[in-house]
Amino acid sequence: MTIRLPLRLRLLAPLLLLPCAFSALAAEPNGGALAGTWKIDLARSTELSPWKSFELTITAQGATLTIERKLTWSRREFIDRLELDPTKSINSLPIDWWSDNRHLGAYIGSSHTREVRHQWLDGGRILRLSTDLVLDAQQGPRAVNILTDFKVSASGTELTLTELRSTRNRPVVYVFKRLPAK
């Protein structure tokens, strides 16, 4: 059974969708709800091994969105930064070391780069990254894709980071609490 809408509704439908399109575009450049410093809630997150602490800082300056991960364990510290330029469909970014090794014997490949695509969803409340990189493993080079969603709760006090790798069947889920502004 086919339902046909009256001509007036068919002509007005694109105009009714314009506010949604403009709000999605407006949310894209500034990071909005994601901006801030977030600390992991270890009890509600996937095991963090080999790290004991994870702090995430998301900032927006102009059109650039920066995501900084700070992983620590005792005196050991690792800081990783992604600077996303929204004018580029693919950001080719340096990566010195792959901190997500988890006792796998896989290390960042010789190119030391990652290709990152970004997409804003739900009016800027969710940032989705698709990252392609090559890891060196015992069996040789391995291309890996990582899908990462940064999702802020409706209250704005909690951030859930969900990461799914092409090499894993189960996602990694980290839950963060917003830290007070300094």
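Read on for an overview of the structure. Keep in mind that this is a model prediction, so the values were computed, not measured.

The rules behind the values
- Residues numbered from 1 in each chain as written.
- Predicted model: local features only at pLDDT ≥ 70, side-chain atom pairs only at ≥ 80, totals over all residues.
- Heavy atoms only, no water.
- Phe/Tyr/Trp six-rings, centres within 6.5 Å; stacked < 30°, edge-to-face > 60°.
- Helix = DSSP H or I, 4+ residues; strand = E, 2+ residues; numbered from the N terminus.
- Buried < 20%, exposed > 50% of the residue type's maximum accessible area, 1.4 Å probe, protein only.
- Salt bridge = Lys/Arg side-chain N within 4 Å of Asp/Glu carboxyl O.

This part covers the packing of aromatic side chains. A complete count under the given rule lists three aromatic pairs for this structure. Considering the side-chain rings of Phe-54 and Tyr-174, the 5.4 Å spacing of their centres and the 75 degrees angle between planes classify their relative orientation as edge-to-face. With Phe-54 in strand β2 (residues 53–61) and Tyr-174 in strand β11 (residues 172–178), the pair connects residues that are 120 residues apart, well separated along the chain. Note on accessibility: Phe-54 and Tyr-174 belong to one class, buried. A ring pair is formed by Phe-54 and Phe-176, whose centres lie 5.0 Å apart and whose planes are at 85 degrees; its orientation type is edge-to-face. Note that Phe-54 is positioned in strand β2 and Phe-176 in strand β11, a separation of 122 residues in sequence. Both residues of the pair, Phe-54 and Phe-176, count as buried. Members of the aromatic cluster, each reached through a chain of ring pairs, are Phe-54, Tyr-174 and Phe-176.

Our next topic: unusual backbone geometry. Here Ser-74, not a glycine, exhibits a phi torsion of approximately 55 degrees, which is positive. Here Ser-74 is to be found in the loop between β3 (64–73) and β4 (76–84). A positive phi angle, close to 50 degrees, is found at Asp-122, a residue other than glycine. As for its placement among the helices and strands, Asp-122 is situated in the loop between β7 (113–121) and β8 (126–137).

With the rule as written, the count across this model stands at 12 salt bridges. The closest approach of N and O atoms between Asp-122 and Arg-125, which form a salt bridge, is 2.7 Å. Judged by its relative accessible area of 25%, Arg-125 falls in the partly exposed class. A salt bridge links Arg-165 to Glu-163; the nearest nitrogen and oxygen atoms lie 3.0 Å apart. The residues Arg-165 and Glu-163 share a single accessibility class, namely buried.

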